[in-house]
Amino acid sequence: MFHSARLKLTAWYLVIIMLISMTFSVVIYRVLISEVERFEHVQRLRLERRLQNSDLFAPFNGLNIVPAPLLQVNFELVEEVKQRVLFILILVNCGILILSGAFGYLLAGRTLTPIKEMIDEQNRFISDASHELRTPLTSLKSALEVYLRDRSQTLSEAKTLARESIIEVNKLQSLSESLLQLARSENSGIPPKFELISLTHCVKEAIHKVLPLSKKKKISVKEKLEDIHIYANEHSLIDVLVILLDNAVKYSSIGRNVLIKTEKKDVIAQINITDEGIGISKKDLPHVFERFYRADSARSKGVSNGGYGLGLAIAKKIIATYKGSIYVESEVDKGSTFTVCLPL
Ligand code: ADP
């Protein structure tokens, strides 16, 4: 598809360039030829005038005509000039055709590549998302089918099924919300509204949001905060902090500590979130910010309530809209530190 679109675009470039070039050629040809003819006419008049005053062609004097051989020479010269101009213009147009064909093909490739990348990315996103949606939907469907087929089910079994179904539906809901958030952060180039906000306020809000889980796991989230004000979008910044804090708590054992630190470094606000959790292996580290990536350690250690591998991808997209950066340092079984740098 890309190739045929590229060829079509090249053809359109060629049509436009050749139309312009040929129009110019016709104009140039007509102007040149009319100039040559005018020149030839003036020459003929001069010749006639000279002949009238010359003894050389005495027999023609007073007749006001130029001898035929002289006229023939003039005529041949004009014809030759016409043909040469035509030949040169055809040659130039052929050159333009070849050059614009080659450049047009290159240019069409350059124009279409970002579009192709965007379409590829969207297709990947759709196939990843449908793959992730299929698993909970399939298990929900088969549980309900089994229930319908077996007529001897008791009320308590029906209730258990309903409870399990709600868990699956909740998973689907959180997945669709994450997908929506990711799509939104991918489509909008910049956050909706930037204003001067307190980073400390955002951190407090984020800690408050992860409180239920951190309480449940008896994890205390410690703070070491500098008073920093930053131009940002409060909601998206809190979203990033919640993702990182939620992961720090989620991937830590019961009773461990999580520390969130903010500090000003020149023109940068730096946020560190450090946990003493399961850590990330060297193999997984380069991939954790990829969409739908879940590290093996998280699976093998059976972290309950593990997500779909979308959180860090969303965080990275949001940070990119701030022209900031996010990276992670981690050691298996020792813990991880996620660092976010935001320009002030
Ligand atoms: P998920 O919703 O699965 O947590 P994320 O995109 O937030 O998705 O994280 C991607 C993967 O990175 C996780 O599955 C997990 O393996 C790993 N990860 C992220 N944060 C941490 C952390 N603080 N400690 C250990 N592993 C982490």
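The following paragraphs examine the structure supplied in this document. Quick caveat: nothing in here was measured; it's all calculated off a predicted structure.

Around the ligand, the surrounding shell holds 21 residues, and the nearest of these are N247, Y251, D275, A295 and L312. A distance of 2.7 Å is found between an oxygen atom of the ligand and a side-chain nitrogen or oxygen belonging to N247. Residue A295 places a main-chain N or O atom 3.0 Å away from an oxygen atom belonging to the ligand. Coverage of the ligand by the protein chains reaches 98% of its 530 Å² of free accessible surface. Those elements that place two or more of their residues in the shell around the ligand are helix 5 (234-250), helix 7 (311-321) and strand 7 (335-343). Per-element accounting of the shell around the ligand gives the leading share, three residues, to helix 5. In terms of residue class, the shell around the ligand is built from 12 nonpolar, six polar and three charged.

With respect to the element layout, T339 can be found in strand 7. Residue class for T339 comes out buried when judged on its relative accessible area of 2%. Of the polar contacts made by the side chain of T339, one reaches the side chain of N272; its length is 2.9 Å.

In this section: the nonpolar core. The biggest cluster of nonpolar side chains holds 50 residues, and the ones touching the most others in it are L237, L245, I260 and I273. When residues of this core are assigned to their parent elements, the largest contribution, nine residues, is made by helix 5.

Our focus in this paragraph is the packing of aromatic side chains. Under the criterion given, the structure shown has two aromatic pairs. With 5.3 Å between their ring centres and 70 degrees between their planes, F194 and Y322 make a pair best called edge-to-face. Of the two residues, F194 is situated in the loop between helix 3 (155-187) and strand 1 (195-198) and Y322 in the loop between helix 7 and strand 6 (325-331); the sequence distance between them amounts to 128 residues. On the basis of an interplanar angle of 75 degrees and a centroid distance of 6.2 Å, the ring pair of F289 and F338 is categorised as edge-to-face. Here F289, found in the loop between strand 5 (268-275) and helix 6 (296-300), pairs with F338, found in strand 7; they are 49 residues apart in sequence, far enough to count as distant. Considered together, F289 and F338 belong to a single accessibility category, that of buried residues. Its end group placed over the ring of Y105, R6 keeps NZ or CZ at 3.9 Å from the ring centre.

This part takes up the pattern of salt bridges. Overall, the coordinates contain 15 salt bridges when judged by the stated rule. Taking the shortest distance from any N to any O, the salt bridge between R44 and E40 comes out at 3.6 Å. Of the two residues, R44 and E40 are both situated in helix 1 (residues 2-52); the distance of four residues between them amounts to about one turn of the helix. Taking the relative accessible area as the measure of exposure, E40 reaches 16% and is therefore buried. We note a salt bridge from R124 to E121, for which the minimum N-O separation is 2.8 Å. On the criterion of helical spacing, the pair formed by R124 and E121 is a turn pair, its members being three residues apart in helix 2 (residues 68-149). The class of E121 is partly exposed, set by a relative accessible area of 30%.

Basis of the calculations
- Starting from 1, residues in each chain are numbered consecutively following that chain's sequence as written.
- A pLDDT threshold of at least 70 governs which residues receive local features in this predicted model, and a stricter bar of 80 or more applies before side-chain atom pairs are shown or counted, although totals over entire chains, interfaces and linings include all residues.
- Excluding hydrogens and water, the side-chain values take into account all heavy atoms of the structure.
- We call a residue near a molecule or strand whenever a single non-hydrogen atom of that residue lies within 4 Å of it.
- Here a polar contact means two N or O atoms within 3.5 Å. Within protein one must be a hydrogen donor candidate and the other an acceptor candidate, and residues neighboring in sequence count only if both atoms are side-chain atoms.
- Every accessible area reported is derived by Shrake-Rupley at a probe size of 1.4 Å, with residue values counting cover from the shown protein chains alone.
- Elements are defined by DSSP. Helices are runs of H or I of four residues or more, strands are runs of E of two residues or more, and each kind is numbered from the N terminus.
- Side-chain classes follow a simple rule in which Ala, Val, Leu, Ile, Met, Phe, Trp, Tyr, Cys and Pro form the nonpolar group, Asp, Glu, Lys and Arg form the charged group, and the remainder, Gly included, forms the polar group.
- The cut-offs for exposure are 20% and 50% of the maximum accessible area for each residue type, with area from a 1.4 Å probe on protein chains only; residues under the lower value are buried, those over the upper are exposed, and the others partly exposed.
- Side-chain atoms within 4.5 Å link the members of a nonpolar core, which is a set of buried Ala, Val, Leu, Ile, Met, Phe, Trp, Tyr and Cys residues.
- Pairing of aromatic rings covers Phe, Tyr and Trp, the last through its six-membered ring, and needs centres within 6.5 Å; plane angles under 30 degrees mean stacked, over 60 mean edge-to-face, and all others mean tilted.
- Lysine NZ or arginine CZ positioned within 6 Å of the ring centre and within 35 degrees of the ring normal marks a charge as sitting over the ring.
- Definition used for salt bridges: Asp or Glu carboxyl oxygen within 4 Å of a side-chain nitrogen of Lys or Arg.

Spatial relationships are all this shows, so hold off on functional conclusions.
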